[in-house]
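# A structural walkthrough
These are the residues of each chain, in order.
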Amino acid sequence: MDPVADTSRYTAAVRARESERPDRLFFDPYARTLAGDIGFTIMRNLEQEHGSGIENPFLPIRTKYFDDFLMRILQHTTIDQIVILAAGMDARAYRLPLLSHYKLFELDRPELIALKNQILSNEHAIPYCDRYTIGADLSKEWERQLIEAGFHPEKPAIWLAEGFFVYLKQPSVEHVLKQVERLSASGSWLGADLISEAFINGPWAEKDRTYLKKYGLSWEFGTDEPERFLKRFGWDAQAVQPGSYEADYGRWPFPIIPRELTDFPKTFLVTAYKK
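Now for a look at the structure at hand. (Residues numbered from 1 in each chain as written. Predicted model: local features only at pLDDT ≥ 70, side-chain atom pairs only at ≥ 80, totals over all residues. Heavy atoms only, no water.)

### A closer look at the side chain of Arg-9
Mapped onto the elements, Arg-9 comes out in helix H1 (residues 3–19). It turns out Arg-9 is buried and unbridged, and the closest side chain with the opposite charge, Asp-6, is 5.9 Å from it. Reaching out from Arg-9, the side chain makes a polar contact with the backbone oxygen of Leu-34 at a distance of 3.0 Å. If we skip the residues at most four places from it in the chain, Arg-9 touches Thr-33, Leu-34, Ala-35, Gly-36, Ile-38, Gly-39, Met-89, Leu-115 and Ile-119. (Helix = DSSP H or I, 4+ residues; strand = E, 2+ residues; numbered from the N terminus. Buried < 20%, exposed > 50% of the residue type's maximum accessible area, 1.4 Å probe, protein only. Lys, Arg positive; Asp, Glu negative; His and termini not counted. Salt bridge = Lys/Arg side-chain N within 4 Å of Asp/Glu carboxyl O. Polar contact = N/O pair within 3.5 Å; in protein donor to acceptor, adjacent residues only side chain to side chain. Contact = heavy atoms within 4.5 Å.)

### Notes on the nonpolar core
Ranked by internal contacts, the top residues of the largest apolar core, which has 54 residues, are Leu-34, Leu-74, Leu-98 and Leu-269. If one sorts the elements of this core by residue count, helix H3 (residues 58–76) sits on top with 10 residues. Setting aside residues up to four positions removed in sequence, Leu-98 forms contacts with Met-71, Leu-74, Ile-82, Arg-92, Ala-93, Leu-104, Tyr-128 and Cys-129. Among the nonpolar cores identified, the runner-up in size contains 35 residues, and Leu-183, Leu-190, Trp-235 and Ala-237 belong to it. (Core = buried A, V, L, I, M, F, W, Y, C linked by side-chain atoms within 4.5 Å.)

### Concerning unusual backbone geometry
Across residues other than glycine, the phi torsion is negative in most instances, and most of the peptide bonds are trans. The phi dihedral of Ala-86 falls on the positive side, at around 50°, and the residue is not glycine. By secondary structure assignment, the location of Ala-86 is in the loop between strand S1 (81–85) and helix H4 (92–95). Of note in the backbone geometry, Tyr-249 takes a positive phi value of approximately 55° without being a glycine. For Tyr-249, a relative accessible area of 28% gives the class partly exposed.

### Let's talk about the layout of surface pockets
The calculated volume of the second largest pocket comes to roughly 190 Å³. Lining the second largest pocket we find 14 residues, and of these Tyr-65, Arg-72, Gln-238, Val-240 and Thr-271 sit closest to its centre. Every element with two or more residues in the lining of the second largest pocket is listed here: H3, strand S6 (236–240) and strand S7 (267–273). For the lining of the second largest pocket, the element with the highest residue contribution is S6, accounting for 5 residues. Across the lining of the second largest pocket, the residue classes break down as 8 nonpolar, 2 polar and 4 charged. (1 Å grid on protein atoms, 1.4 Å probe; cavity = no way out; pocket = protein on both sides within 12 Å on 5 of 7 lines; lining within 4 Å. Points joined across faces, edges and corners; volume = space filled by probe spheres on them. Nonpolar A, V, L, I, M, F, W, Y, C, P; charged D, E, K, R; others polar.)

### Quick look at the sheet that holds strand S3 (residues 130–135)
The strand order across the open sheet built from 7 strands is S3-S2-S1-S4-S5-S7-S6, with neighbouring strands paired in mixed fashion. Single-partner strands in this sheet number two, and they are S3 and S6. Averaged over neighbouring strand pairs, the angle between their axes works out to 20° when direction is ignored. Sheet topology places strand S2 (residues 103–108) next to S3; 6 bridges connect them, and they run parallel. By the bridge assignment, Lys-103 is partnered in S3 with Asp-130. Contacting S2 and S3, helix H5 (residues 110–122) runs over the sheet at an angle of about 145° to S3. (Pairing = 2+ DSSP bridges. Axes fitted to C-alpha atoms, helices over the stretch in contact; angles between N-to-C directions.)

### A word on the pattern of salt bridges
Applying the stated criterion across every chain, the model contains 27 salt bridges. Residues Asp-23 and Arg-251 are paired through a salt bridge, measuring 3.5 Å at the closest nitrogen-oxygen approach. Taken together, the positions of Asp-23 in the loop between H1 and helix H2 (31–51) and Arg-251 in the loop between S6 and S7 put the pair 228 residues apart, joining distant regions of the chain. The exposure class assigned to Asp-23 is partly exposed, which follows from its relative accessible area of 42%. Note on Arg-251: relative accessible area 15%, which makes it buried. Each of the salt bridges in this network shares a partner with another, and the network as a whole consists of Arg-15, Asp-28, Arg-62, Asp-67, Asp-90, Arg-92, Arg-95, Glu-162 and Asp-193.

### Focus: the environment of Ile-147
Mapped onto the fold, Ile-147 is located in helix H6 (residues 143–148). Under the relative-accessibility criterion, Ile-147 is labelled partly exposed at 39%. Each residue touching Ile-147, except ones within four places of it in the same chain, is listed here: Pro-153 and Leu-183.

Here it is in structure tokens:
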């Protein structure tokens with residue numbers, strides 16, 4: 001596994017810890033196994049080096065926010081196909097009450113998909129819906145693979161890109177979004193998280209960048225205008241920051257930084273609709 005792929009095991013460790021809290025925001029029964037020892041090691045190291053062991057409140061909030069987004073759209077539309085880009089160790093097919101006729105497609109690097117499927121097989125895990133996994137390099141062409149797996153581009157879909165775009169350079173982000181645009185019928189939805197440009201080159205995020213590079217990671221893409229950026233690819237988007245009314249859940253301990261203060265790093269939770 002390369003360092004970016006290992007972040008999926010770290011994220012699974014965070015979901016496992018959240019699942020074991022008495023006030024948990026969600027329950028992921030397979031997160032601990034999917035994380036493995038390496039996921040918990042990365043989690044402990046990152047938190048100890050970055051903030052004296054403080055837990056990262058963003059990842060549980062992000063998971064809960066996109067859980068709610070996904071279930072809200074499914075309950076109020078007839079959409080029955082879901083695509084998770086850079087799915088990593090995501091277990092939504094196994095933990096959300098998805099109807100059996102839904103089709104959920106997971107795309108990620110072949111070696112990561114193979115490892116995940118082996119872990120879930122060993123756990124005798126059974127998904128709630130029809131689950132399809134596709135091993136692909138998302139920075140290249142993957143449209144044909146998705147269609148061959150049973151995706152119908154003439155029908156609307158829900159797309160999730162969680163913890164993904166930040167690790168791609170802008171041309172790769174645009175390449176992915178152009179493919180998504182071609183595959184998205186009218187009525188489709190997109191959920192994604194983005195960071196501001198100050199995370200990439202601002203002084204306030206220098207400590208974050210330093211410890212990520214120690215683990216072979218780097219943030220590559222950020223935008224201060226996620227709505228305008230996604231508009232280029234056919235999406236009407238809305239962005240909120242953690243701590244806002246829609247994305248707090250009683251967990252965000254920091255003030256919300258006004259959007260116009262571009263020197264300070266910000267994270268955006270984005271939902272978008274294609275007319």
